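# Structure at a glance
Read off the chains here:
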Amino acid sequence: GFTRTRKGSGTTTSTLTVSDGTTTKEYLVAMRGDVDASNIVNTTDYSVMTQICATTYAVEDNSAKFYAGDMNQDGAVDGFDAIAHELYTNGTITFE
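These notes cover the structure that comes with them. What you see is a predicted model, and the numbers here were worked out from it, not measured in a lab. (Residues numbered from 1 in each chain as written. Predicted model: local features only at pLDDT ≥ 70, side-chain atom pairs only at ≥ 80, totals over all residues. Heavy atoms only, no water.)

## Brief notes about the side chain of aspartate 45
The topology assignment puts aspartate 45 in helix α1 (residues 43-53). Of the side chains with opposite charge, lysine 65 lies nearest to the buried aspartate 45, which makes no salt bridge, at 8.4 Å. (Helix = DSSP H or I, 4+ residues; strand = E, 2+ residues; numbered from the N terminus. Buried < 20%, exposed > 50% of the residue type's maximum accessible area, 1.4 Å probe, protein only. Lys, Arg positive; Asp, Glu negative; His and termini not counted. Salt bridge = Lys/Arg side-chain N within 4 Å of Asp/Glu carboxyl O.)

As structure tokens, this is what we get:
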């Protein structure tokens, strides 16, 4: 079995705790594209993405916001992710 707990607010600051009674593991949960942790992916997130790419908004590596912003999952938050975010937001592309 497992136990799910949320810590913080917004999808990108949630954790999932899984325990089998002997071992407990905690996982960071990030909604792809939801860099402002509002639980929806929209143009506000795109605005934050462009700020991250322009280095006017700092995001820590391995943070939930980093994983949410790494749209193409290549280990970096960059212009390619901003383009992917825009295409996702306007419905041109989808992610599984």
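That covers the picture; the talk isn't over yet.
## Overview of the packing of α1 against helix α3 (residues 79-89)
The interhelical angle for the contact between α1 and α3, taken along N-to-C directions, is 170 degrees, at an axis separation of 9 Å. One way to sum up the angle between α1 and α3 is to call them roughly antiparallel. Touching Thr43, Asp45, Tyr46, Met49 and Cys53 of α1 are Gly79, Asp81, Ala82, His85, Glu86 and Thr89, all from α3. A breakdown of the residues in the contact of α1 with α3 according to their chemical character gives 4 nonpolar, 4 polar and 3 charged. (Axes fitted to C-alpha atoms, helices over the stretch in contact; angles between N-to-C directions. Parallel < 35°, antiparallel > 145°, perpendicular 65-115°, else oblique. Contact = heavy atoms within 4.5 Å. Nonpolar A, V, L, I, M, F, W, Y, C, P; charged D, E, K, R; others polar.)

## What about the nonpolar core?
Core analysis: the biggest nonpolar cluster contains 9 residues, these being Val35, Val48, Met49, Ile52, Phe66, Ala68, Met71, Val77 and Ala84. Sorting the residues of this core by element identifies α1 and α2 (64-69) as the ones contributing at least two each. Counting residues per element, this core draws most heavily on α1, at 3 residues. (Core = buried A, V, L, I, M, F, W, Y, C linked by side-chain atoms within 4.5 Å.)

## Considering the environment of valine 48
Within the secondary structure, valine 48 sits in helix α1. Here the alpha-carbon distance between valine 48 and valine 35, two residues 13 residues apart in the chain, equals 7.0 Å. Every residue in contact with valine 48, bar those within four places of it in the chain, is listed here: Val35, Asp36 and Tyr57.

## Structural notes on α3
Along α3, the residues classified as buried are Asp81, Ala82, Ala84 and His85. The arc that holds every buried residue of α3, seen down its axis, measures 165 degrees, which confines them to one face. On its buried face, α3 is in contact with α1 and α2. Where α3 begins, the capping side chain belongs to aspartate 78, and its oxygen is found 3.1 Å from the backbone nitrogen of phenylalanine 80. (Arc of directions from axis to C-beta. Polar contact = N/O pair within 3.5 Å; in protein donor to acceptor, adjacent residues only side chain to side chain.)

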